[in-house]
Amino acid sequence: MSELKHIISLRIENSIRNAVQATASRFYVRESDIYRFAINYMLKRFKCLHEDDFSGSDLLPLMLDIREELIGSLSLKKHQLFNILNGNNVHPDKFVAMSDIELLLTPQHLLKQRLQKIDDSPQSDVDTETWLKQYLLEKYQSPSFQDSSDTQTQSSN
């Protein structure tokens, strides 16, 4: 059984198109295959957003993974991210505070300064992204958050 396919129009920068063309050439496939692959990859990565059980602090691992894209590519505002995290009648134990949502959207060059103001345990020996993950882990201690962090640690070893 074949699914109906749709033609879409997409506006992208020349540099991105050039990168897609180079990738397609390297893989010996069409550009459209690379676009489909990228979309499927992103949708699989965002699968938890399609499940009503995932809300609040359950979504923090994903948001930490895509933090740069939240700031740069998607240009999300704090109220938009608040609604994404806490909008589906989130359980009180999973509620993510606006101050932590703001941390997710804080640019890299300001993040360390913000963490120093709010975190009692100074982290001079770890990079800022790791410090942010540790801070949120300690604060929310969500089982899914810990599982995701453990999986990322194991995959990097």
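Anyway, here's the lowdown on the structure attached to this text. Being a predicted model, the structure only gives us computed values, none of them experimental.

The rules behind each value
- Residues numbered from 1 in each chain as written.
- Predicted model: local features only at pLDDT ≥ 70, side-chain atom pairs only at ≥ 80, totals over all residues.
- Heavy atoms only, no water.
- Helix = DSSP H or I, 4+ residues; strand = E, 2+ residues; numbered from the N terminus.
- Buried < 20%, exposed > 50% of the residue type's maximum accessible area, 1.4 Å probe, protein only.
- Contact = heavy atoms within 4.5 Å.
- Areas by Shrake-Rupley, 256 points an atom, 1.4 Å probe, with all protein chains shown as cover.
- Salt bridge = Lys/Arg side-chain N within 4 Å of Asp/Glu carboxyl O.
- Core = buried A, V, L, I, M, F, W, Y, C linked by side-chain atoms within 4.5 Å.
- Axes fitted to C-alpha atoms, helices over the stretch in contact; angles between N-to-C directions.
- Parallel < 35°, antiparallel > 145°, perpendicular 65-115°, else oblique.
- Nonpolar A, V, L, I, M, F, W, Y, C, P; charged D, E, K, R; others polar.

## Some remarks on the overall build of the chain
- Of the regular secondary structure elements, the chain holds 9 helices and 0 strands.
- Ordered by position from N to C terminus, the α and β elements of the chain give α-α-α-α-α-α-α-α-α.
- Looking at the chain as a whole, 27% of its 157 residues are labelled buried.
- Of the contacts formed within the chain by residues at least 6 apart in sequence, a portion of 46% connects residues at least 24 apart.
- Of the roughly 11400 Å² of accessible surface on the chain, 52% is carried by carbon and sulfur atoms.

## Comments concerning the pattern of salt bridges
- Applying the stated rule across the entire model yields 8 salt bridges.
- Linking Asp 33 and Arg 36 is a salt bridge whose minimum nitrogen-to-oxygen distance equals 2.6 Å. Pair noted here: Asp 33 and Arg 36 are both in helix 2 (residues 31-45), with a separation of 3 residues, about one helical turn.
- Judged by relative accessible area, which is 40%, Arg 36 ranks as partly exposed.
- Here Asp 58 and Lys 94 are joined by a salt bridge, their closest N and O atoms 2.6 Å apart. Residue Asp 58 is located in the loop between helix 2 and helix 3 (60-65), and its partner Lys 94 is located in the loop between helix 5 (78-86) and helix 6 (98-104); the two are separated by 36 residues in the primary sequence.
- For Asp 58, a relative accessible area of 12% translates into the label buried.

## What to know about the nonpolar core
- Within the largest apolar cluster, 24 residues are counted, with the highest numbers of intra-cluster contacts made by Met 63, Leu 81, Leu 85 and Leu 104.
- Contributions of two or more residues to this core are made by helix 3, helix 5, helix 6, helix 7 (108-118) and helix 8 (128-140).
- With 5 residues, the single largest contributor to this core is helix 8.
- Other than its neighbours up to four places away in sequence, Leu 81 contacts Met 63, Leu 70, Leu 76, Ile 101, Leu 104 and Leu 105.

## Let's talk about the packing of helix 1 (residues 14-27) against helix 2
- Running from N to C, helix 1 and helix 2 cross one another at 105°; their axes reach a closest spacing of 8 Å. When the axis of helix 1 is compared with that of helix 2, the two are roughly perpendicular. Facing helix 1, whose interface residues are Arg 17, Val 20, Gln 21, Thr 23 and Ala 24, helix 2 presents Glu 31, Ile 34 and Tyr 35.
- Residue composition of the contact of helix 1 with helix 2, grouped by class: 4 nonpolar, 2 polar and 2 charged.

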